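So the chains spell out like this:
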Amino acid sequence: MSLIVHHWDTDGITSTALLVKAIKLEDFINMTAPIGEFRFDERIWNAIENAKRLYVLDFNVPGEVEKVGVPTLFIDHHSQPRIKNPLVEQVNPSLEGNYYPSCSLVVSERFNIFNAWTALGVVGDIGERAFEVERVRKLLEKENLSREEALKLVELMDSNYIAVDREAVEEAVIVLLNHGIRELLEYEPWLKKAEAIRKAIEEAISEVEERNGFAFVRFKSPYNIISKVARKLVWEMKHRGAIVINGDFHGKAQLYFRLSPKEAEGFDMKGLIESVRRTGANAGGKREVLGCVCEREKVEEVLRLIENQLG
């Protein structure tokens with residue numbers, strides 16, 4: 001049995017579907033971590049013990065992968081150190097200083113498989129900017145998908161993790177593999193989740209403060225909407241960056257820090273991520289993003305680290 005552990009968002013879901021199709025995997029189980037936490041929990045570790053081969057996709061947990069005891073293919077695009085575990089093959093263009101906007105694109109290049117899933121992974125991770133990528137536009141045109149339909153599909157797939165429905169995230173891979181891409185535009189379980197989430201995001205945005213071009217917002221919600229709120233503030237509302245805090249997410253605090261592409265140039269996000277991890281927070285990210293989950297009393301410490309680095 002092969003085990004696939006993947007990120008909970010559209011890029012993680014599409015990357016997994018691409019891998020399954022590319023290597024014609026039949027005997028596999030796919031799992032995601034506890035939503036919002038960059039770690040392997042007991043459920044995943046137990047599954048790893050019973051797996052013959054492990055795949056980790058779009059999930060920035062090099063420390064966890066250092067500990068695995070089965071042959072592993074680790075494909076990612078986030079900033080991370082080189083993995084020393086000899087059982088792990090690490091495929092990540094960022095190790096050579098190359099920026100890739102999504103893991104789906106890394107998987108597609110690795111296995112020479114390109115389709116709408118590849119494009120949707122990019123749209124999921126960088127939003128409207130994805131349509132500036134020629135390959136993304138061509139893949140969507142080939143599937144006769146408009147820009148609006150691509151954005152809607154991402155919204156629908158992401159609704160599973162935003163609703164903190166781990167089982168639905170894992171099921172989304174199977175749904176993707178077994179439905180035509182246009183069918184998913186009317187997939188009722190996803191449509192209902194997406195509508196409830198849209199309302200929660202609007203409420204959070206209404207509480208935003210602006211500080212020197214940066215957006216700052218605090219709210220409390222059971223939905224995992226911090227990344228969506230930050231993306232809307234930076235991508236659509238054109239803030240220099242956004243700091244978004246969910247002060248009570250199922251008993252924990254979440255913080256998400258996103259910079260605009262211009263602000264990300266020359267900013268040491270990798271160093272900031274390491275500083276945040278030293279506080280004990282579960283943190284990860286890439287060139288323009290930091291996301292973390294921590295105890296509620298620690299969120300102010302993480303916030304100070306960000307503010308200090310911003311100067």
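Starting from 1, residues in each chain are numbered consecutively following that chain's sequence as written. Local features in a predicted model are, by the rule used here, given only for residues with pLDDT of at least 70; side-chain atom pairs are given and counted only at 80 or more, and totals for whole chains, interfaces and linings are based on all residues. With hydrogens and water set aside, each side-chain value is computed from the structure's full complement of heavy atoms.

This part covers the environment of Phe131. Helix and strand labels come from DSSP, where a helix needs a run of H or I of at least four residues and a strand needs a run of E of at least two; each type is numbered from the N terminus. With respect to the element layout, Phe131 can be found in the loop between helix H5 (116-126) and helix H6 (134-142). In this structure the C-alpha to C-alpha distance between Phe131 and Arg296, which are 165 residues apart in sequence, comes to 38 Å. Once you skip the residues sitting within four places of it in the chain, Phe131 turns out to touch Val123, Arg137, Leu140, Arg147, Ala150 and Leu151. Contacts are assigned to residue pairs that have any heavy atoms within 4.5 Å of one another.

As a further point, take the sheet that holds strand S4 (residues 72-75). An order of S2-S1-S3-S4-S5 is seen for the five strands of this open sheet, with the pairing classed as parallel. Looking at the sheet topology across the chains shown, the edges are occupied by strand S2 (28-32) and strand S5 (88-91). Shown here is a sheet whose adjacent strand axes are inclined to one another by a mean of 15°, direction ignored. Strand direction decides the pairing type here: strand S1 (residues 2-6) and strand S3 (residues 53-57), joined by five bridges, are parallel. Looking across to S3, one finds that Ser2 is bridged to Arg53. A fitted line through C-alpha atoms serves as each axis, taken over the contacting stretch for helices, and the angle formed by two N-to-C directions is quoted from 0 to 180°. Along the sheet face, helix H4 (residues 103-111) touches S3, S4 and S5 and points at about 125° away from the line of S4. On top of the sheet, helix H8 (residues 166-178) reaches S1 and S2; it is set at about 135° to S2, its chief contact. At least two DSSP bridges between two strands are needed for those strands to be called paired.

Running from amino to carboxyl end, helix H7 (residues 147-162) crosses helix H9 (residues 188-205) at an angle of 80°, the nearest separation of the two axes being 8 Å. Of the possible angle classes, the one that applies to H7 and H9 is roughly perpendicular. Across the interface between the two elements, Lys152, Glu155, Leu156, Met157, Ser159, Asn160 and Ile162 of H7 pack against Trp190, Leu191, Lys193, Ala194, Ile197 and Arg198 of H9. In this count, Pro and Cys sit with the nonpolar residues alongside Ala, Val, Leu, Ile, Met, Phe, Trp and Tyr, while Asp, Glu, Lys and Arg are called charged and the others, Gly among them, polar. Class assignment for the residues of the contact of H7 with H9 results in seven nonpolar, two polar and four charged. Angles are sorted into four bins: roughly parallel if under 35 degrees, roughly antiparallel if over 145, roughly perpendicular if 65 to 115, and oblique for all others.

A few words on the side chain of Asp9. Positionally, Asp9 belongs in the loop between S1 and helix H1 (10-22). For the buried Asp9, which has no salt bridge, the nearest side chain bearing the opposite charge is Arg231, at an N-O separation of 4.6 Å. Only 3.0 Å separates the side chain of Asp9 from the backbone nitrogen of Gly12, close enough to count as a polar contact. Once residues within four sequence positions are removed from consideration, Asp9 is found in contact with Asp58, Asp125, Asp158 and Tyr161. Think of it in three bands: with a 1.4 Å probe and only protein chains considered, a residue is buried below 20% of the maximum accessible area for its type, exposed above 50%, and partly exposed in between. When charges are counted, neither His nor the chain ends are considered; positive counts come from Lys and Arg and negative counts from Asp and Glu. When a carboxyl oxygen of Asp or Glu lies within 4 Å of a side-chain nitrogen of Lys or Arg, that pair is called a salt bridge. Whenever two N or O atoms come within 3.5 Å, that pair is a polar contact, provided that in protein one can donate a hydrogen and the other can accept it, and provided that, for residues adjacent in sequence, both atoms are side-chain atoms.

Moving on, we come to H7. Here the expected span of a helix is defined as 1.5 Å times the quantity of residues minus one. Here H7 spans 22 Å end to end across 16 residues, near enough to the 22 Å set by a 1.5 Å rise per residue. One or two steps after H7, the chain reaches Val164, where phi turns positive at roughly 55°.

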